[in-house]
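Topology and contacts: notes
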Amino acid sequence: MRLRPPLVRAVLALTLAFTAVFVAAPAQAAPALTYAALGDSYSSGTGAPPYDSSGCERSQKAYGPLWAAANGVTSFRFAACSGAVTADVRNNQLSGLDATVNRVTITIGGNDAGFASVLTTCQLGSDSACATAVNNGKTFATNQLPARLDQTYAAIRGRAPNARLIVLGYPRIFELSSSCGLFGMSLYKRTVINQGADHLAAVIAGRAGAAGATYVDVRSAFAGHGVCASSPWLNGLTLNSSAYHPNANGYRYGYLAALNSAGL
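The notes below deal with the structure included here. (Residues numbered from 1 in each chain as written. Predicted model: local features only at pLDDT ≥ 70, side-chain atom pairs only at ≥ 80, totals over all residues. Heavy atoms only, no water.)

1. Points about the nonpolar core
Put simply, the test is: Here, the term nonpolar core denotes a set of buried Ala, Val, Leu, Ile, Met, Phe, Trp, Tyr and Cys residues that are joined through side-chain atoms within 4.5 Å. Burial classification: accessible surface area is computed with a 1.4 Å probe over protein chains only, and a residue below 20% of its type maximum counts as buried, one above 50% as exposed, and the rest as partly exposed. Comment: elements are numbered from the N terminus, with helices defined as DSSP H or I runs of at least four residues and strands as E runs of at least two. For this analysis, residues touch if any pair of their heavy atoms sits within 4.5 Å.
Counting residues in hydrophobic clusters, the biggest one holds 69 residues, and the most contacted among them are L38, L97, V104, I106 and Y255. Here this core takes six residues from helix α8 (residues 187-210), the largest share from any one element. Each residue touching V104, except ones within four places of it in the same chain, is listed here: Y35, A36, L38, L97, I156, A160, A163, R164, L165 and I166.

2. Quick word on the packing of aromatic side chains
What counts is decided by this rule: Any Phe, Tyr or Trp ring, taking Trp's six-membered ring, that has another such ring centre within 6.5 Å forms a pair; planes under 30 degrees apart are called stacked, those over 60 apart edge-to-face, and the others tilted.
This structure, assessed with the given rule, holds 12 aromatic pairs. Taking the centre distance of 5.3 Å and the plane angle of 75° together, the rings of Y35 and W67 count as edge-to-face. Remark: W67 occurs in helix α3 (residues 63-71) and Y35 occurs in strand β1 (residues 34-39); sequence separation between them is 32 residues. As far as the burial class goes, Y35 and W67 line up, both buried. Ring geometry for Y42 versus Y170: centroids 5.3 Å apart, planes at 80°, classification edge-to-face. Taken together, the positions of Y42 in helix α2 (residues 41-44) and Y170 in the loop between β4 (164-168) and α8 put the pair 128 residues apart, joining distant regions of the chain. A relative accessible area of 2% places Y42 in the buried class.

3. A word on the state of the cysteines
As a reminder of what qualifies: For this text, the term disulfide refers to a pair of cysteine sulfurs within 2.5 Å.
What the rule picks out here adds up to three disulfides. One disulfide bridge connects C180 with C228, the sulfur atoms lying 1.6 Å from each other. Looking along the S-S bond of the C180-C228 disulfide, the torsion reads about -75°, which is the left-handed sense. On the criterion of sequence distance, the pair formed by C180 in the loop between β4 and α8 and C228 in the loop between α9 (219-222) and α10 (248-261) is long-range, its members being 48 residues apart.

4. With respect to the layout of surface pockets
Spelled out, the test is: Cavities and pockets were defined on a 1 Å grid built over protein atoms only: a cavity is a set of grid points that admits a 1.4 Å probe from which the probe cannot escape, a pocket is an open set flanked by protein on both sides within 12 Å along at least five of seven lines, and lining residues are those with an atom within 4 Å of any such point. Grid points are joined across faces, edges and corners, and a volume is the space filled by probe spheres set on the points. Residues are grouped as follows: nonpolar covers Ala, Val, Leu, Ile, Met, Phe, Trp, Tyr, Cys and Pro; charged covers Asp, Glu, Lys and Arg; every other residue, Gly included, is treated as polar.
Taken as a whole, the largest pocket holds about 300 Å³ of empty space. Along the walls of the largest pocket sit 19 residues, with A116, T120, N240, A243 and Y244 positioned nearest its centre. Across the lining of the largest pocket, the residue classes tally to seven nonpolar, 11 polar and one charged.

5. Things to note about the packing of helix α5 (residues 115-124) against helix α6 (residues 127-143)
Just so we agree on the cut-off: Angles run from 0 to 180 degrees between N-to-C directions of axes, and those axes are lines fitted to C-alpha atoms, restricted for helices to the stretch in contact. For classification purposes, an angle smaller than 35 degrees is called roughly parallel, one larger than 145 roughly antiparallel, one from 65 to 115 roughly perpendicular, and anything else oblique.
Their axes nearest at 8 Å, the elements α5 and α6 cross at an angle of 170°. When the interaxial angle is binned, α5 and α6 end up roughly antiparallel. Contacts from V118, T121 and C122 of α5 reach α6 at A129, C130, A133 and V134. Split into classes, the residues belonging to the contact of α5 with α6 amount to six nonpolar, one polar and no charged.

6. Side note on empty space enclosed by the protein
For the structure shown, the criterion picks out two cavities of 30 Å³ or more. Along the wall of the largest cavity there are 18 residues; nearest its centre are F115, I193, G196, A197 and L200. For the lining of the largest cavity, the elements supplying multiple residues, two or more each, are α5, α6 and α8. Among the elements that take part in the lining of the largest cavity, α8 stands out by supplying five residues, more than any other. Looking at the lining of the largest cavity residue by residue, the class counts come to 12 nonpolar, five polar and one charged. In this model, the second largest cavity occupies a volume close to 30 Å³. Lining of the second largest cavity is provided by D40, S41, Y42, G110, N111, F115 and Y170. A class-by-class count of the residues in the lining of the second largest cavity yields three nonpolar, three polar and one charged.

Below you can see the structure in the form of structure tokens.
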């Protein structure tokens, strides 16, 4: 049967309409990544020199710069500083945040809880002195650190309301091998220090969750690579600030790998 022109036009229009329904819409451009790395020495890159001239021991081998380079961020704001406590983050590291920032990472809380002094006491003191120092740190983490973390996460939210906040924890420092070398700590000291790290992780994870942040636990990423391991990703005892901080492998294969697994 021969179709009349009006009918031909109607069939053609109907065909085009159905075709349009099934043609995929153009892909939308991915939103720009604007990223800020805040926090203490575990975010600044202490332990993996060389450092910049800021005085904060910021290293391009830290997980923040590594992630920024791998993901083509449009803006990277590197404010983490060695020795920082929660008050330092609130007072000194938030000026670069604004509503355009959509990713923020942070490690913080270890210095508030006396991380450095605990390790010094354990290195130089007796087993009992070490245990006392660790227990004091755990008590602080339980009773005083939560409020400090809450204030810090809230301050970040206030300055960067559109950002996904990723809170990274700390690794267990030591492998619990029977021996840790000539100047290594006893197995007892290493055990109680790791228990302190576990306690701190629980506190930070809890407050990060309460703030609606993503908590990234790095302990499993560092497992088998603590101080005393055959292939450590953390520096052992040194005469400078690198002691008991990640080395370049720790930042890349420990922190960065854990961050990637969280889908930042």
